[in-house]
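If you want the building blocks of each chain, they are given just below.
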Amino acid sequence: MWRRLSPLALASLLIASPVAARHVHPLGDGGMRFEVTAAGRPLAAVMPSGLSDRELLTVVIEGDGQAHDRRGRPTADPTPHKPVGLDIARAWPGGAAWLGRPCQFVADRACAPADWTSARFSEAAVTQLSAGIDALKARAGADRVVLVGWSGGGVLATLLAARRDDVSGLVTIAAPLDLAAWTRSRGLTPLAGLDPAALPPMPQLPQVHLAGAFDPVVRPQTTRETARRLAGPRGQVETWRETHQCCWARRADAIAERLARASR
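The structure reproduced in this document is the subject of the present report. Given the structure is predicted, the values throughout are model-derived calculations rather than measurements. (Residues numbered from 1 in each chain as written. Predicted model: local features only at pLDDT ≥ 70, side-chain atom pairs only at ≥ 80, totals over all residues. Heavy atoms only, no water.)

**Looking at the overall build of the protein**
The number of helices and strands found in the protein is seven helices and 10 strands. Burial statistics for the protein: of 264 residues in total, 53% are counted as buried. Put simply, of all contacts in the protein between residues at least 6 apart along the chain, 70% involve residues at least 24 apart. Per element, the accessible surface of the protein, about 11600 Å² overall, is 53% carbon and sulfur. (Helix = DSSP H or I, 4+ residues; strand = E, 2+ residues; numbered from the N terminus. Buried < 20%, exposed > 50% of the residue type's maximum accessible area, 1.4 Å probe, protein only. Contact = heavy atoms within 4.5 Å. Areas by Shrake-Rupley, 256 points an atom, 1.4 Å probe, with all protein chains shown as cover.)

**What to know about the packing of aromatic side chains**
This structure, assessed with the given rule, holds two aromatic pairs. An angle of 70 degrees between the planes, with centres 5.7 Å apart, marks the rings of Trp-98 and Phe-105 as edge-to-face. Of the two residues examined, Trp-98 and Phe-105, each falls in the buried class. For the pair Trp-240 and Trp-248, a centre-to-centre distance of 6.2 Å together with 25 degrees between the ring planes defines the contact as stacked. Both residues of the pair, Trp-240 and Trp-248, belong to the buried class. The side chain of Arg-139 reaches across the aromatic face of Phe-34, ending 4.4 Å from its centre. (Phe/Tyr/Trp six-rings, centres within 6.5 Å; stacked < 30°, edge-to-face > 60°. Lys NZ or Arg CZ within 6 Å of the ring centre and 35° of its normal.)

**Topic: the pairing of strand β3 (residues 31–38)**
For β3, the tally of buried residues reaches six of eight residues, placing the bulk of the element in the interior. Of the pairings in the sheet, the one linking β3 to strand β4 (residues 41–48) comprises eight bridges and is antiparallel in character. By the bridge assignment for β4, Val-36 is matched with Leu-43. What sits between β3 and β4 in their antiparallel hairpin is a turn of two residues, with Ala-39 showing a positive phi close to 55 degrees. (Pairing = 2+ DSSP bridges.)

Spelled out as structure tokens, the structure:
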């Protein structure tokens, strides 16, 4: 499992501009793990082999990771022990790129606990991830993207889809799309920043929003209304018999099929 990198380990990774790549580190499954420089800060990324020279690139955005400890205190490192978003990307039919969240799997001296707690959905976070998507698009030679986000990654995928003009499809999985309702349901302090519940409907964009029937973290009733409003009548808004973390990667083929259905 990946952990925070030492300076020596960082030397073997890619430090990339949106148009250049070097020091690529191969993964055992035929992909490449590297870093992209996005809005002046690093983001961890994975790009499977064979995703170049295609018009459409699917990008999976990772969840919040280890934002708080069991006592609700901010952690020193948000890197997830189990990157569910990466598992989904690896299972995605036809292949998908993966983008980590700020301060996950990277050594970034600018990181502060607010990056993965109160400001995890801030304008700065959205801007950084948007720059990361631009870098992945340039590396793959793609013109358009499908955005897939698990948990908090789904919140950011939705915020990005609302402002970018190159998004051909949006998938959220176990995502708290109404942040105010979600924090109230869990007795949490309200989050600063942007909330998908405040976005206008996007019925022209093919969308799939999935919730887990047995998810104690993001209960379906806290996100269903916002999902239906954003997706419009053609969107696919469903509750599946899953928990928060398990077992969405096993359902990647079915999820992609739902997006194809919403695109017709």
